[in-house]
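One letter stands for each residue in the lines below.
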Amino acid sequence: MLAVRNFVILLLCITVVSPIALYTDRLGTFQPPSYKQEFIKDVAALTFNAADSGHLNVLPQETLTAFKEPIGVVYTEDSTKTKNLPQGLKLVESREHVLARVLSTTKEEDQTQKENLIKQVTHQVKQGNHSRTLENAVATGGNENGEDAIDVDDRDDGKLAKSVQASYNASQTMKQRPTEMDKQNDSTQDFLVRQLKDQLIRAKVYLSFPAVKNNPHLTRELRTRVKEVQRTLGDASKDSELPRNANDRMKAMEQALAKGRQAQDDCAAEVKKLRAMLHSTEEQLRVHKKQTLFLTQLTAKTLPKGLHCLPLRLTTEYYYLNSSEQQFPHQEKLEDPMLYHYALFSDNILAVAVVVNSTVQHAKDASKYVFHIVTDRLNYAAMRMWFLVNPPGNATIQVQNIEEFTWLNSSYSPVLKQLGSRSMIDYYFKAHRATSDSNLKFRNPKYLSILNHLRFYLPEIFPKLNKVLFLDDDIVVQKDLTDLWSVDLKGNVNGAVETCGENFHRFDRYLNFSNPLIAKNFDPRACGWAYGMNVFDLAEWKRQKITEVYHNWQKLNHGRQLWKLGTLPPGLITFWKRTYPLNRNWHVLGLGYNPNVSQKEIERAAVIHYNGNMKPWLEISIPKYRGYWSKYVNYDHVYLRECNINP
């Protein structure tokens, strides 16, 4: 019995212990200690750059069989040159050098990454803020100057290879880590529109390559698809505006593009073509912007036909009246300092009518309002006739001709003397067309009109008044202005709303601070203020001799070395430290150039101002602001209908 038990124990030892010993011996046989030491040495020899850690997560994981022999240019560069690369397009740096290479994967993967690269570049065409960055990265390999962006030849193969690799890295990064902007774009309703536009760009790229041109069938198919997609897009900006067959057209185009990819597999050539297209598009955009600016300026200086017709029609009617019918009532109020006096200097009849109408409609007691309108000789009769036919309720109207101001001559006013000088004519007119007319009051551009400079002669125009509220002709009054007359200006001459919200409204925007005379007397960061609705204390004006200050600065600016043009720069100088800031709700500006003025600001404002080129009586006006002005115009008036003036 004991012998049997010992025999069983021996068998157990053999069956359990021996496999363990044998397995351990096999490990020792196939993995000698030297292997472990070599593996540790190899790992220790690897070098890592901290800057590369971000790139490891975005590189595609592929098997060894997916790679072929690398093609393209492999070269080294000084690693410091990559510092100027835009964020996200930097090449991976090592301790020794920067290696740029073009990888050739399987046919399918190569075509996929090429397509992603094209989509990435074409997408940037529509992203205005990013197009320049991408173009610089693709065209110059990160050179911030961007001067090489216009070159699309083959003189620098190394730079081209680097640009391809940088673009490839960027496309892979975007694919793995979509930015917030990409997420927002994907969620917008114009996704299909953008896809169709991208297809058009890619089709045009393929059609420019010889490999595609030599294939008549493919060329014909691509051109057909291009026409179909163009008809499908039309003027659509949203997917909802596309026809029902838009998806079918997109699929058909994608099939044609797939054939184009098979015929043309040179990724570098496609990148070069896209570079050229980017540059050409930006050049066209630059030209269009210049043309738009020129045409806008031209339109702003030109009155519509209706506004030319209106004064002619009114002037004819005025001279049919007898002398007694040409007089305004309540003329005894014109010099009463206890009333509220408003000054308007303009040659635009309809604009002045809107200012008067809107002011009177919101007045608590219009009988205390007196409007003093000064216009030029050409519009004097028409302006009088308009207000004779359309009296402003209980308010009092006075219309004066600037020619009646005999004291306003070149010997008294430096600005008149400058406007009549040969250098001024050459500077503003660029020709001698004005030499036949010695009276430049009616020949200057709007910003140089003597009517604009009358604001510096208020005490001379209204010698018996103590306070005047000055209004521009491109404003609309939305609330009662009576409370402005009780504002304490605290010894200042001018009460105005300051414009400190933007940098371009500060003194250095209007004055030449490279001139020591300006730099010595003024602060370049001082806050500007707005003309358009200003309270002027004429008593303080006379006491502080403001007109003399204005004349002295005009004489110093004879060569236009202190400021170039307009009335705001001399106004800022003349009323420097003499301006009292009014509450911003009294006067809101920007409706003539800024489409983003807050709706709440407009509704709270007592006066809204269409300063800028987009005046409300012009076709180029901002549509959403036009209604604030047009509701004070009676378009059913017989004179407006005869002159074809419509809303």
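Keep in mind the model is a prediction, meaning the values are calculated, not measured.

### Digging into helix H13 (residues 305-318)
Then step 1. The terminal C-alpha atoms of H13 lie 20 Å apart, and with 14 residues this matches the ideal 20 Å at 1.5 Å per residue to within 8%.
Then step 2. Of all the residues in H13, the buried ones are Gly306, Leu307, Leu310, Pro311, Leu314 and Tyr318. One face of H13 carries all of its buried residues, which in axial projection span an arc of 135°. Along H13, exposed side chains directed more than 90 degrees from the buried face belong to Lys305 and Leu312.
Then step 3. Packed against the buried residues of H13 are helix H14 (349-361), helix H15 (380-389) and helix H27 (638-642).

### Describing the packing of H13 against H15
Then step 1. Where H13 contacts H15, the two axes come as close as 8 Å, and the packing angle between them is 75°. Relative to H15, H13 is oriented roughly perpendicular. Along its contact with H13, which presents Leu310, Pro311, Leu314, Thr315, Glu317 and Tyr318, the element H15 presents Ala381, Ala382, Arg384, Met385, Trp386 and Leu388.

### Quick notes on the sheet that holds strand S8 (residues 494-496)
In sheet architecture, strand pairing relies on hydrogen bonds along the backbone and comes in two forms, parallel and antiparallel.
Then step 1. With mixed pairing, seven strands are arranged side by side in an open sheet as S5-S4-S3-S6-S11-S8-S12. The open sheet has two free edges, formed respectively by strand S5 (396-401) and strand S12 (579-581), since each of these has just one partner strand. Recorded for the sheet is a direction-independent mean angle of 25° between the axes of neighbouring strands.
Then step 2. Where strand S4 (residues 369-375) lies against S5, six bridges are found, and the strand directions are parallel. If you follow Val370 over to S5, its bridge partner there is Thr396.
Then step 3. Relative to the sheet, H15 contacts S4 and S5, its axis offset from that of S5 by approximately 170°.

### Here's the deal with unusual backbone geometry
Then step 1. Here Lys490, not a glycine, exhibits a phi torsion of approximately 55°, which is positive.
Then step 2. Phi is positive for Lys577, which is not a glycine, with a value near 60°.
Then step 3. Along the chain, Lys577 turns up in the loop between helix H24 (568-574) and S12.

### Looking at the pattern of salt bridges
Two side chains of opposite charge can pair, provided their charged atoms sit close to one another.
Then step 1. Across all of its chains, the model carries twelve salt bridges by this definition.
Then step 2. A salt bridge links Glu228 to Arg225, with the shortest nitrogen-to-oxygen separation between them at 3.1 Å. Of this pair, Glu228 and Arg225 both sit in helix H10 (residues 216-233), separated by three residues, roughly a single helical turn.
Then step 3. Residue class for Glu228 comes out buried when judged on its relative accessible area of 15%.

### A short note on the state of the cysteines
Then step 1. With the rule as written, the count across this model stands at two disulfides.
Then step 2. Across the disulfide from Cys500 sits Cys527; the S-S distance is 1.6 Å. The chirality of the disulfide connecting Cys500 with Cys527 is left-handed, given an S-S dihedral of about -125°. Of this pair, Cys500 sits in the loop between strand S9 (498-499) and helix H20 (507-510) while Cys527 sits in the loop between helix H21 (516-521) and strand S10 (528-529), placing them 27 residues apart in sequence.
Then step 3. Given a relative accessible area of 17%, Cys527 falls into the buried group.
Then step 4. Going through the protein chain in sequence order and numbering each bonded cysteine, the pairs you get are 1-4, 2-3.

### Here's the deal with the environment of Asn379
Then step 1. With respect to the helices and strands, Asn379 occurs in the loop between S4 and H15.
Then step 2. Sequence-wise, Asn379 and Asn401 are 22 residues apart; in three dimensions their C-alpha atoms are separated by 8.6 Å.
Then step 3. The residues touching Asn379, leaving out its near neighbours within four places in the chain, are Pro311, Asp347 and Ile349.

### What to know about the packing of helix H8 (residues 191-207) against helix H11 (residues 246-263)
Then step 1. Orientation of H8 relative to H11, taken along the N-to-C sense of each, is 30°, at an axis distance of 10 Å. Accordingly, the angle class assigned to the pair H8 and H11 is roughly parallel. Regarding H8 and H11, the two cross each other, and that crossing is left-handed. Residue-level contacts link Leu192, Gln195, Leu196, Gln199, Arg202, Ala203 and Tyr206 of H8 to Ala246, Asn247, Met250, Met253, Glu254, Leu257, Gly260 and Arg261 of H11.
Then step 2. Each residue belonging to the contact of H8 with H11 can be placed in one class, and the counts come to eight nonpolar, four polar and three charged.

### With respect to the packing of aromatic side chains
Then step 1. One pass over the structure, following the stated rule, counts 26 aromatic pairs.
Then step 2. Both rings, one in Tyr340 and one in Trp485, keep their centres 5.3 Å apart while their planes meet at 20°; by these two values the pair is stacked. One end of the pair, Tyr340, is in strand S3 (residues 340-345); the other, Trp485, is in the loop between strand S7 (475-477) and S8, and 145 residues separate them in sequence.
Then step 3. With a centroid separation of 5.5 Å and 40° between ring planes, the pair formed by Phe536 and Phe575 is classed as tilted. Pair noted here: Phe536 is in strand S11 (residues 533-537) and Phe575 is in the loop between H24 and S12, with a separation of 39 residues, a long-range link. When sorted by exposure, Phe536 lands in the same class as Phe575, which is buried.
Then step 4. Note that Arg455 overlies the ring of Tyr531, its terminal NZ or CZ placed 4.5 Å from the centroid.
Then step 5. Lying over the aromatic face of Tyr510, Arg509 brings its terminal NZ or CZ to 5.8 Å of the ring centre.

### Some points on the sheet that holds strand S13 (residues 587-588)
Then step 1. Read across the sheet, three strands follow the order S7-S14-S13 without closing on themselves; strand pairing throughout is mixed. Strand pairing shows two members of the sheet lacking a second neighbour, S7 and S13, which therefore form its edges.

### Remarks on the pairing of S11
Then step 1. Most of S11 is tucked away, with five of its five residues classed as buried.
Then step 2. Judged by which residues are buried, S11 turns out to be covered on both faces: Met533, Val535 and Asp537 on one side and Asn534 and Phe536 on the other are all buried.
Then step 3. When strand S6 (residues 467-471) meets S11, the two strands line up antiparallel, connected through five bridges. Residue pairing in the sheet places Lys467 in a bridge with Asp537 of S11.
Then step 4. The pairing of S8 with S11 spans two bridges and is antiparallel. Its bridge partner lying in S11, Gly495 is registered against Val535.

Each value, and the rule that gives it
- Residues numbered from 1 in each chain as written.
- Predicted model: local features only at pLDDT ≥ 70, side-chain atom pairs only at ≥ 80, totals over all residues.
- Heavy atoms only, no water.
- Helix = DSSP H or I, 4+ residues; strand = E, 2+ residues; numbered from the N terminus.
- Expected span 1.5 Å × (residues − 1).
- Buried < 20%, exposed > 50% of the residue type's maximum accessible area, 1.4 Å probe, protein only.
- Arc of directions from axis to C-beta.
- Contact = heavy atoms within 4.5 Å.
- Axes fitted to C-alpha atoms, helices over the stretch in contact; angles between N-to-C directions.
- Parallel < 35°, antiparallel > 145°, perpendicular 65-115°, else oblique.
- Pairing = 2+ DSSP bridges.
- Salt bridge = Lys/Arg side-chain N within 4 Å of Asp/Glu carboxyl O.
- Disulfide = S-S within 2.5 Å.
- Left-handed = near helix turned anticlockwise from the far one by under 90°.
- Nonpolar A, V, L, I, M, F, W, Y, C, P; charged D, E, K, R; others polar.
- Phe/Tyr/Trp six-rings, centres within 6.5 Å; stacked < 30°, edge-to-face > 60°.
- Lys NZ or Arg CZ within 6 Å of the ring centre and 35° of its normal.

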